[in-house]
Amino acid sequence: MNPEPDETSTDDIILFLDRFKDYEPNSTIIITGGEPTMIDVDKLRTICELIHMSGHKVGMLTNGYILHPLEWFDYVNLDNHGVNAKDLVKWRIALKESGRWYEETDKTYHQDMRYAMKNNVTQGFRCNSLMQPLTLWKDVIYPCCNAMCVEWWIDNYEVTRALYEAGWTIHNPEIVYTVTNWRETLPSEFYRLCTIKC
Ligand code: SF4
């Protein structure tokens, strides 16, 4: 509801798609947020077009707030956080009628970080999320979809800085080499975040 002035720019997305053009072709690139249906409508349509032009499918993880043209997306994950069930209805009906690929995630709360820390959830090298969804936020590539969210929660951007300095950024012409060799290139600060905070 309160768009940040420093959200990922279209130029950064163009550079990201160019750097990763040969990395897992035909895969689905998921637009997340925040809430992606709140992105400026022209910018969102442009992002979808750019992803399609790069040879990838477009996915979106959404709370369903605004219904956009379905043809922009190849896949939609309707994410129920317990406060938006009525918003999901319009998407569910439209997606069913269109026959498009969609799934629903029915979690009514965010991850309980204190529970996760107390119970030593799988982390770092053992985490199923590590390197599965590479995530672009602004010009930094994160090796999972959770690290930047954890940084927001703890209001500390040490890992973002460490990733940037270790070349985990779209400004690195060798970024595909860097992420492919993640065992050597991931900075130790990232593992500290995994094991202590996530
Ligand atoms: S930050 Fe969390 S989700 Fe990401 S790899 Fe580490 S333990 Fe897994």
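In this report, the structure presented in the accompanying data block is examined. What you see as residue numbers is a count from 1 along each chain, following the sequence as written. In keeping with the predicted nature of the model, local features appear solely for residues at pLDDT of at least 70, side-chain atom pairs appear and are counted solely at 80 or more, and the whole-chain, interface and lining totals rest on all residues. The side-chain quantities take in all heavy atoms of the structure and omit both hydrogens and water.

What to know about the overall build of the protein chain
No. 1: Tallying secondary structure elements over the protein chain gives nine helices and six strands in all.
No. 2: Within the protein chain, the fraction of its 198 residues that count as buried is 42%.
No. 3: By the convention used here, residues are in contact when the closest approach between their heavy atoms is within 4.5 Å. Summarising the internal contacts of the protein chain: among those between residues at least 6 apart in sequence, 65% fall at separations of at least 24.
No. 4: Working definition of accessibility: Shrake-Rupley area with a 1.4 Å probe, residue cover restricted to the visible protein chains. Of the roughly 11,500 Å² of accessible surface on the protein chain, a fraction of 53% belongs to carbon and sulfur atoms. The helix count covers DSSP runs of H or I at least four residues long, the strand count covers runs of E at least two residues long, and both are numbered beginning at the N terminus. Think of it in three bands: residues with accessible area under 20% of the maximum for their type are buried, residues over 50% are exposed, and the middle band is partly exposed, with areas taken using a 1.4 Å probe on protein chains only.

Points about the site of the ligand
No. 1: Near, as used in this document, describes a residue that has one of its heavy atoms within 4 Å of the molecule or strand being considered. Taken together, 10 residues are adjacent to the ligand, and Cys127, Cys144, Asn146, Cys194 and Cys198 come closest.
No. 2: Its residues assigned to classes, the shell around the ligand comprises six nonpolar, four polar and no charged. For this classification, Asp, Glu, Lys and Arg are treated as charged, while Ala, Val, Leu, Ile, Met, Phe, Trp, Tyr, Cys and Pro are nonpolar and the rest, including Gly, are polar.

Some details on the packing of aromatic side chains
No. 1: The criterion for an aromatic pair is that two Phe, Tyr or Trp rings (for Trp, the six-membered ring) have centres within 6.5 Å, with stacked assigned to planes under 30 degrees apart, edge-to-face to planes over 60 apart and tilted to the rest. Scanning the entire structure with this criterion turns up seven aromatic pairs.
No. 2: Consider the rings of phenylalanine 20 and tyrosine 23, whose centres lie 5.3 Å apart with planes at 90°: the pair is edge-to-face.
No. 3: Given the relative accessible area of 5%, phenylalanine 20 is considered buried.
No. 4: For the ring pair tryptophan 137 and tryptophan 152, a centre distance of 5.1 Å and an interplane angle of 85° mean the geometry is edge-to-face.

Some remarks on unusual backbone geometry
No. 1: The linkage connecting glycine 33 with the following residue, glycine 34, adopts the cis geometry, with an omega of 0°.
No. 2: For asparagine 26, which is not glycine, the phi dihedral falls at a positive 70°.
No. 3: Mapped onto the elements of the fold, asparagine 26 is located in the loop between α1 (10-19) and β1 (28-31).
No. 4: With a relative accessible area of 53%, asparagine 26 lands in the exposed category.
No. 5: A positive phi angle, near 55°, is found at lysine 138, a position not held by glycine.
No. 6: In this fold, lysine 138 is placed in the loop between β5 (135-137) and β6 (140-142).
No. 7: The class of lysine 138 is partly exposed, set by a relative accessible area of 28%.

Points about a nonpolar patch on the surface
No. 1: Exposure above 30% relative accessible area and no salt bridge define the residues that can form patches, which grow by joining like charges within 9 Å and nonpolar side chains of Val, Leu, Ile, Met, Phe, Trp and Tyr within 5 Å. Counted as salt bridges are all cases of a side-chain nitrogen of Lys or Arg within 4 Å of a carboxyl oxygen of Asp or Glu. A cluster of nonpolar side chains, contributed by Trp152, Trp153 and Ile154, occupies part of the molecular surface with about 290 Å² of accessible area.
No. 2: For tryptophan 153, the position within the fold is in helix α5 (residues 147-154).
No. 3: Its relative accessible area of 46% is what places tryptophan 153 among the partly exposed residues.

Digging into the nonpolar core
No. 1: We call a set of buried Ala, Val, Leu, Ile, Met, Phe, Trp, Tyr and Cys residues a nonpolar core when their side-chain atoms join them within 4.5 Å. One finds Phe73, Ile141 and Phe190 to be the most contacted residues of the largest nonpolar core, which totals 48 residues.
No. 2: Per-element tally for this core: the top contributor is helix α2 (residues 41-53), with five residues.
No. 3: Segmentation into domains, and thus their bounds, comes from an automatic or database assignment. A domain split of this core shows at least three residues from each of domain 1 (1-121) and domain 2 (128-198).
No. 4: In this structure phenylalanine 73 touches Leu44, Cys48, Val58, Met60, His68, Trp91 and Arg100, once residues within four positions along its chain are discounted.

Here's the deal with the environment of serine 129
No. 1: Of note, serine 129 is situated in the loop between α4 (113-118) and β5.
No. 2: In sequence terms serine 129 and proline 143 are 14 residues apart; their C-alpha atoms lie 8.3 Å from each other.
No. 3: Setting aside chain neighbours within four positions, we find serine 129 in contact with Pro143 and Cys144.

Topic: the environment of glutamate 165
No. 1: Mapped onto the fold, glutamate 165 is located in helix α6 (residues 158-165).
No. 2: A sequence separation of 22 residues divides glutamate 165 from proline 187, and the C-alpha atoms of the two residues are 8.8 Å apart.

Description of the environment of leucine 193
No. 1: Within the secondary structure, leucine 193 is located in helix α9 (residues 188-196).
No. 2: Placed 42 residues apart in sequence, leucine 193 and glutamate 151 show a C-alpha to C-alpha distance of 8.5 Å.
No. 3: In contact with leucine 193, other than residues within four places in its own chain, are Ala147, Val150, Glu151, Ile154, Val159 and Cys198.

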